[in-house]
Structures are given as C-alpha cells and as structure tokens.
Amino acid sequence: MNVNLVTFHQPTEHEAEAFRVLRTNLRFTNVDSPKKVILLSSAKQGAGKSTTISNLAITMAKYSLKTLLIDGDLRRPTIHELFDLRKNNGLTNYLVGNQEFSEFLKSVPDYPTLDILTSGIEPPEPSELLFSQKLKELITQAREDYDIILIDTPPVLGMSDTSIWATLADGIVLVIASNQSKIEEVKQAKEQLERTNVKILGTVLTKVKDNSYVDYYTKDR
Ligand SMILES: Nc1ncnc2c1ncn2[C@@H]1O[C@H](COP(=O)(O)OP(=O)(O)OP(=O)(O)O)[C@@H](O)[C@H]1O
Ligand SMILES: [Mg+2]
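Everything quoted here is computed from the prediction, not taken from an experiment. (Residues numbered from 1 in each chain as written. Chains lettered and ligands numbered in written order. Predicted model: local features only at pLDDT ≥ 70, side-chain atom pairs only at ≥ 80, totals over all residues. Heavy atoms only, no water.)

Asker: Sorry, what's going on with helix α8 (residues 183-194) here?
Answerer: Given 3.6 residues to a turn, an α-helix orients residues that are three or four positions apart in the same direction. Taking 1.5 Å of rise per residue, 12 residues should cover 16 Å, and α8 covers 16 Å from first to last C-alpha, within 8% of that figure. Buried within α8 are the following residues: Glu185, Val186, Ala189, Gln192 and Leu193. When α8 is viewed along its axis, its buried side chains cluster within an angular range of 125 degrees and face the same direction. Set apart from the buried face of α8 by more than 90 degrees, the exposed residues are Ile183 and Glu184. Packing partners of the buried residues in α8 comprise α7 (161-166), β6 (171-177) and β7 (200-206). (Helix = DSSP H or I, 4+ residues; strand = E, 2+ residues; numbered from the N terminus. Expected span 1.5 Å × (residues − 1). Buried < 20%, exposed > 50% of the residue type's maximum accessible area, 1.4 Å probe, protein only. Arc of directions from axis to C-beta. Contact = heavy atoms within 4.5 Å.)

Asker: What is the right way to look at the pairing of strand β1 (residues 37-41) in this model?
Answerer: It is a general feature of regular strands that their side chains alternate between the two faces of the sheet. Counting buried positions along β1 gives five out of five residues, so the element sits mostly inside the fold. Residues Val37, Leu39 and Ser41 point to one face of β1 and Ile38 and Leu40 to the other, with burial holding for every one of them. Judged from the four bridges that link them, β1 and strand β5 (residues 148-152) form a sheet pairing that is parallel. In the strand pairing of β5, Ile38 is matched with Leu150. Both β1 and β6 contribute to a ladder of four bridges, which runs parallel. Looking at the pairing, Ile38 lines up with Gly171 of β6. (Pairing = 2+ DSSP bridges.)

Asker: Explain the nonpolar core here, please?
Answerer: Within soluble globular proteins, side chains that are nonpolar generally end up buried alongside one another. Ile70, Leu91, Leu138 and Trp165 are the most contacted members of the largest nonpolar core, which totals 38 residues. For this core, the element with the highest residue contribution is helix α6 (residues 133-145), accounting for four residues. Other than its neighbours up to four places away in sequence, Leu138 contacts Ile70, Leu91, Tyr94, Phe101 and Leu117. Within the second largest apolar cluster, 30 residues are counted, among which are Leu26, Leu40, Leu56 and Val204. (Core = buried A, V, L, I, M, F, W, Y, C linked by side-chain atoms within 4.5 Å.)

Asker: I tried to follow the confidence of the model for the protein chain on my own but got confused; where do I start?
Answerer: Should the pLDDT be low somewhere, the predicted coordinates at that spot are not to be read in detail. Of the residues in the protein chain, 88% reach a pLDDT of 70 or more, and the chain-wide mean stands at 89. Across the protein chain, the element-wise mean pLDDT spans from 51 in strand β8 (residues 214-219) up to 98 in strand β2 (residues 67-71). (pLDDT = per-residue confidence, 0-100.)

This is the structure in structure tokens:
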C-alpha cells in the first residue's frame, strides 16, 4: 500500500484520532436517518480527496463495518494506486457490460470487510456514463450489502460528474486544503452541490501547517 495511507502505516495518535472522529461523525450522528452513501469531493483538484477517503475506508473497516469504496473519479482515478490494485475491471467495466458489480470487487489484505471498486477502463465521456441506470442499480444493491459506501469523486467545479453522483448519495463531505483551496471556490462548489439537494455533511481540512494529516471535521448545520 501507498505511504499516504496513514491509518495503515503506523498513524500518529493525532492522525488516527482525526479519522476516528470523522468516522464517528459520519456513522453515528443522525441516527434517525443514517448516512450510508457518502461522497467526498473538493472544489478544485488536489485537495486530498482520494487520500482522505482511503484512510476513512480503512478506519471504517477496522471497526468491522462492511465498507465499499468506489473510485468514482473516472478522470484522474488513484484509488487503485493507493491500494496497489489493478485499475481495470472496475466501475466502468461494470457500467458497459452485463455482469453483476460484485464480479468486479477487489479485496485488500488484512481488511476482510473492505471491498473496492476501482475506476476501470477510461471512458471517452465520463459524465455520460454516470447517467446510467446500471449505476443506480449498483447503489441500490450496495445499500443492501454494505454498512457504508464511500465514493471518491472528481472536483466539483468545471464538470458535472460530482453533481451526478450527488443525486445518488445521502451526503457529501467537502475536502478543503488549508494552503490551496480558495474560499470563493469552496462557496461556489457548495452552491453547485446544493442545487442537487444533496446534504453537505461537513468539511475536512487537509494540509494544515503543523503537518497533522487531517485537522478537523465540522458538521455543517
Ligand atoms: N492531509 C494531507 N496532508 C498533507 N498532504 C496531503 C493530505 N492529503 C493528501 N495530501 C497530498 O496531496 C496530494 C493530492 O492528494 P490526493 O490525490 O488525495 O488529492 P485529490 O483531491 O484526490 O486530487 P485529484 O483532484 O487529482 O483527484 C498528494 O500528493 C497527497 O499525498
Ligand atoms: Mg483524487
């Protein structure tokens, strides 16, 4: 596995705790309407979405939650790299084929309750592909099979992919990089997402100056 997966590679107590808090906030608040399908996105590229969601997936799996991690970023997929898996035979292969999505799941050593769906072959028109009925069926089935479904997505601004994913999700967490995300862009992303009616669950602040991995998570009220 990639060194950026801090929860796997000897996390410091601060790092591990940040992910536990995030897990608890996502999983155990809103007990009346638990959030099962959760997206991570950011306004612009490179904020730390893929790294954060991968660490979160491991943190969920460590507590034996049946977890599905989907690489929904069909443009710059990296989940396969972080977990040292093959990119192909993933989500897009399922979307264009006739097999069940379960046939494309990949597992990770040491985490038997974590399944991963990598992005698959690169499609010419990612957003077109995401409008598929098969994607809706996948999420419906996954809701039955898993405790939590985490979906990594491309940045919100400049493309419609994340808004399409948002229509299938129960909530979204926005990743904000403290040294690079601009407040105006974050606001714009939030407004774009609100038009899809997805609930914005909160924010994760990455790349904070004191080198702590993920600083905090605030629930958006
Ligand atoms: N919490 C963090 N603290 C410091 N560096 C981080 C953190 N999270 C990610 N990074 C670094 O930032 C870079 C981008 O991370 P990552 O690929 O997770 O971002 P992303 O938002 O998924 O990017 P993209 O928009 O390209 O998909 C990587 O080099 C990663 O190691
Ligand atoms: Mg990414």
